[in-house]
Amino acid sequence: MQIKDVLATVHEEFQAVDKLIHEQLESRVPLVEKIAEYIVSSGGKRIRPLLVLMTAKAFNRADADAVKLATVIEFLHTATLLHDDVVDTSDMRRGNPTANARWGNAPSVLVGDFLYSRAFEMMVELRSMPVMEILSNATCVIAEGEVMQLTNVKNPDTTEAQYMEVIHGKTAMLFEASTHSAAALLELDEQQRLSLKEYGKELGMAFQLVDDVLDYEGDAAEMGKNVGDDLAEGKATLPLIHAMAHANEEDRQLIRNAIRKGGLDDMNEVLRVVKSCGSLDYTRQQAEACRDRAQAHLADLPDSPARDALAALAAIAVERTT
């Protein structure tokens, strides 16, 4: 199954989400609308709202409330992207200039705040305290994950456990919240809620692990971002952490120094060490283990094309090259 087949399972519902997104971007302040429209229309995969819809579809409940929840999730995600690009001083995302590169940091942060606020307005309309509890907690964990990542920038002593905690917060948490909140909205039993929560978490972890591999072996034109961004920003991601644990002393010091100073002056040498230590393979293996756990958690769902699509999405997340 390919991504187009996954999308086909919720094609009509996905179109409804897209329509609602644009309706909810309306603002009396033209710049708010312009920046928000720019970022949500910039070609993202919209995996997180897709998870909401497929979870609901697996129980034949992909109704207007599921569409609204999917839109809430997309707004939360888009808000974090606007804020992240400011924090990371990024100038390219999805093959386009970032909002902060076009309009500046202050408007980007404030429009991110607008999207968070609009998301919570819509969340209230769902009238589900469990959904509100899950998503309000998720936004706190995501913010903590971003701060933890920031404190680890240019720190070559970041451990694998610390790295895993960071990527759970900054990336996997919203995947987890997507499936978990959908399960809560549907009022599924406790075991099914837990299974979907864990599926989302493992899928998100796999997604970020592959992203970290692609930062060293991807194609900038295909990915829509600059290859080597993590090293340039001094981020000790798993490929570097693994390489430092297995390289000789000279190569270990090379990577430590590259992390401390940031930039791409040492990119070729760092890539040589990362490849020679099998660190990209190791990181992919961790992603594959997350995929396997994600798929195993789907056993509690009824047999359906939507459940098959959720399983396929976990495989696609690991196999992708962009």
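Being a predicted model, the structure only gives us computed values, none of them experimental.

Thresholds, definitions, all that
- Residue positions are given per chain, counting from 1 as you read along its sequence in written order.
- Since the coordinates come from a predicted model, pLDDT governs what is reported: local features require at least 70, and pairs of side-chain atoms require 80 or more to be given and counted, while whole-chain, interface and lining totals use all residues.
- Excluding hydrogens and water, the side-chain figures rest on all heavy atoms present in the structure.
- Helix and strand assignments follow DSSP, with helices taken as H or I runs no shorter than four residues and strands as E runs no shorter than two, numbered in order from the N terminus.
- Two things to know: the radius of gyration comes from C-alpha atoms, and the globule rule equals 2.2 Å times the number of residues to the power 0.38.
- Per-residue accessibility, obtained with a 1.4 Å probe over protein chains only, is compared with the maximum for each type, and a residue is labelled buried under 20%, exposed over 50%, and partly exposed between these values.
- In what follows, residue pairs with any heavy atoms lying within 4.5 Å of each other are defined as contacts.
- Areas reported as accessible are Shrake-Rupley estimates using a 1.4 Å probe. Residue values count occlusion only from the protein chains shown.
- A residue counts as positive if it is Lys or Arg and as negative if it is Asp or Glu; His and the chain ends are not included.
- A single reference atom marks each charge: NZ on Lys, CZ on Arg, CG on Asp, CD on Glu.
- What a helix should span is 1.5 Å times the count of its residues minus one.
- Here a polar contact is recorded for every N or O atom pair within 3.5 Å, except that within protein the pair must consist of a potential hydrogen donor and a potential acceptor, and residues adjacent in sequence are included only if both atoms are side-chain atoms.
- Here the aromatic set is Phe, Tyr and Trp, taking the six-membered ring for Trp, and pairing holds for ring centres within 6.5 Å; pairs whose planes are under 30 degrees apart are stacked, those over 60 apart are edge-to-face, and all others are tilted.
- Fitted lines through C-alpha atoms give the axes, limited to the stretch in contact for helices. The angle between two N-to-C directions lies from 0 to 180 degrees.
- The labels follow the angle: roughly parallel below 35 degrees, roughly antiparallel above 145, roughly perpendicular from 65 to 115, and oblique for the rest.
- Whether a crossing is left-handed or right-handed is set by the direction in which the near helix is turned from the far one by less than a right angle, anticlockwise for left-handed and clockwise for right-handed.
- Lys, Arg, Asp and Glu make up the charged group, whereas Ala, Val, Leu, Ile, Met, Phe, Trp, Tyr, Cys and Pro make up the nonpolar group; the residues left over, Gly among them, are polar.
- Counted as salt bridges are all cases of a side-chain nitrogen of Lys or Arg within 4 Å of a carboxyl oxygen of Asp or Glu.
- What is meant by a nonpolar core is a set of buried Ala, Val, Leu, Ile, Met, Phe, Trp, Tyr and Cys residues, joined one to another through side-chain atoms within 4.5 Å.

**Things to note about the overall build of the protein**
Then step 1. Of regular secondary structure, the protein possesses 17 helices and 2 strands.
Then step 2. Relative to the compact-globule value of 20 Å for 322 residues, the protein shows a C-alpha radius of gyration of 20 Å, a close match.
Then step 3. For the protein, the C-alpha atoms occupy an extent of roughly 60 × 45 × 30 Å along the three principal directions.
Then step 4. By the burial criterion, 55% of the 322 residues in the protein qualify as buried.
Then step 5. At a minimum sequence separation of 6, the contacts of the protein that also span at least 24 residues come to 75%.
Then step 6. Carbon and sulfur atoms make up 50% of the accessible area of the protein, which totals about 13900 Å².
Then step 7. In the protein, 33 side chains carry a positive charge and 52 a negative one; their mean positions are 2 Å apart.

**Quick word on helix α5 (residues 64–87)**
Then step 1. Taking 1.5 Å of rise per residue, the 24 residues of α5 would be expected to cover 34 Å, and the 35 Å separating its terminal C-alpha atoms lies within 8% of that figure.
Then step 2. Within α5, 21 of the 24 residues are buried, which leaves it mostly tucked inside the rest of the structure.
Then step 3. The opening residue of α5, the one whose side-chain oxygen lies 3.2 Å from the backbone nitrogen of D65, is D63.
Then step 4. Looking one or two residues past α5, T89 carries a phi angle of roughly 50°, positive in sign.

**What about the packing of aromatic side chains?**
Then step 1. Evaluated as defined, the whole model comprises 2 aromatic pairs.
Then step 2. Where Y38 meets W103, the ring centres are 5.1 Å apart and the plane angle is 80°; that geometry is what we call edge-to-face. Remark: W103 occurs in helix α6 (residues 99–103) and Y38 occurs in helix α3 (residues 30–40); sequence separation between them is 65 residues.
Then step 3. Note on Y38: relative accessible area 18%, which makes it buried.
Then step 4. Residue W103 is classed as partly exposed on the basis of its relative accessible area, which comes to 23%.

**Examining the packing of helix α13 (residues 238–246) against helix α16 (residues 279–296)**
Then step 1. Running from N to C, α13 and α16 cross one another at 125°; their axes reach a closest spacing of 8 Å. Compared by their axis directions, α13 and α16 come out oblique. The handedness of the crossing between α13 and α16 comes out as right-handed. Seen from α13, the contacting residues are L238, P239, H242 and A243; seen from α16, they are S279, L280, Y282, T283 and Q286.
Then step 2. A per-class count over the contact of α13 with α16 returns 5 nonpolar, 4 polar and no charged.

**Regarding the environment of S27**
Then step 1. Checked against the element boundaries, S27 lands in the loop between α2 (11–24) and α3.
Then step 2. Residues S27 and F114 lie 87 residues apart in sequence; the distance between their C-alpha atoms is 9.4 Å.
Then step 3. Here S27 is in contact with V32, E33 and F114, once residues within four sequence places are set aside.

**Things to note about the pattern of salt bridges**
Then step 1. For the structure shown, the criterion picks out 20 salt bridges.
Then step 2. Across the pair R272 and E269 runs a salt bridge whose closest N-O atoms are separated by 3.0 Å. With R272 and E269 both in helix α15 (residues 267–276) and 3 residues apart, the pair spans about one turn of that helix.
Then step 3. One salt bridge in this structure joins D292 and R291, with 3.0 Å as the shortest N-O distance.
Then step 4. Since its relative accessible area comes to 41%, D292 is described here as partly exposed.
Then step 5. It is possible to trace a salt-bridge network through shared partners that takes in D18, R46 and E74.

**Re the nonpolar core**
Then step 1. Residues L51, M54, L69, L135 and Y199 are the most contacted members of the largest nonpolar core, which totals 70 residues.
Then step 2. Per element, the largest residue contribution to this core is 10 residues, and it comes from α5.
Then step 3. Other than its neighbours up to four places away in sequence, L51 contacts F175, S178, T179, Y199, L203, L310 and L313.
Then step 4. Core analysis: the second largest hydrophobic core is formed by 32 residues, A236, L238, L240 and V270 among them.

**What to know about the side chain of K68**
Then step 1. By the element assignment, K68 lies in helix α5.
Then step 2. With sequence-adjacent residues up to four places away left out, K68 is seen in contact with L20, M122, E125 and L126.

**Brief notes about helix α10 (residues 190–217)**
Then step 1. A rise of 1.5 Å per residue sets the reference length of α10, with its 28 residues, at 40 Å; its end C-alpha atoms lie 41 Å apart and thus fit the reference within 8%.
Then step 2. Most of α10 sits out of view: 21 of its 28 residues are buried.
Then step 3. Its side-chain oxygen placed 3.1 Å from the backbone nitrogen of Q191, D189 serves as the N-cap of α10.

**Observations regarding unusual backbone geometry**
Then step 1. Notably, R127 is not glycine yet its phi reads approximately 55°, a positive angle.
Then step 2. Examined against the element boundaries, R127 turns out to sit in the loop between α7 (105–125) and α8 (129–152).
Then step 3. Classification of R127 as exposed rests on a relative accessible area of 78%.
Then step 4. The phi torsion at K154 lies on the positive side, around 60°, for a residue other than glycine.
Then step 5. Owing to a relative accessible area of 41%, K154 belongs among the partly exposed residues under this scheme.

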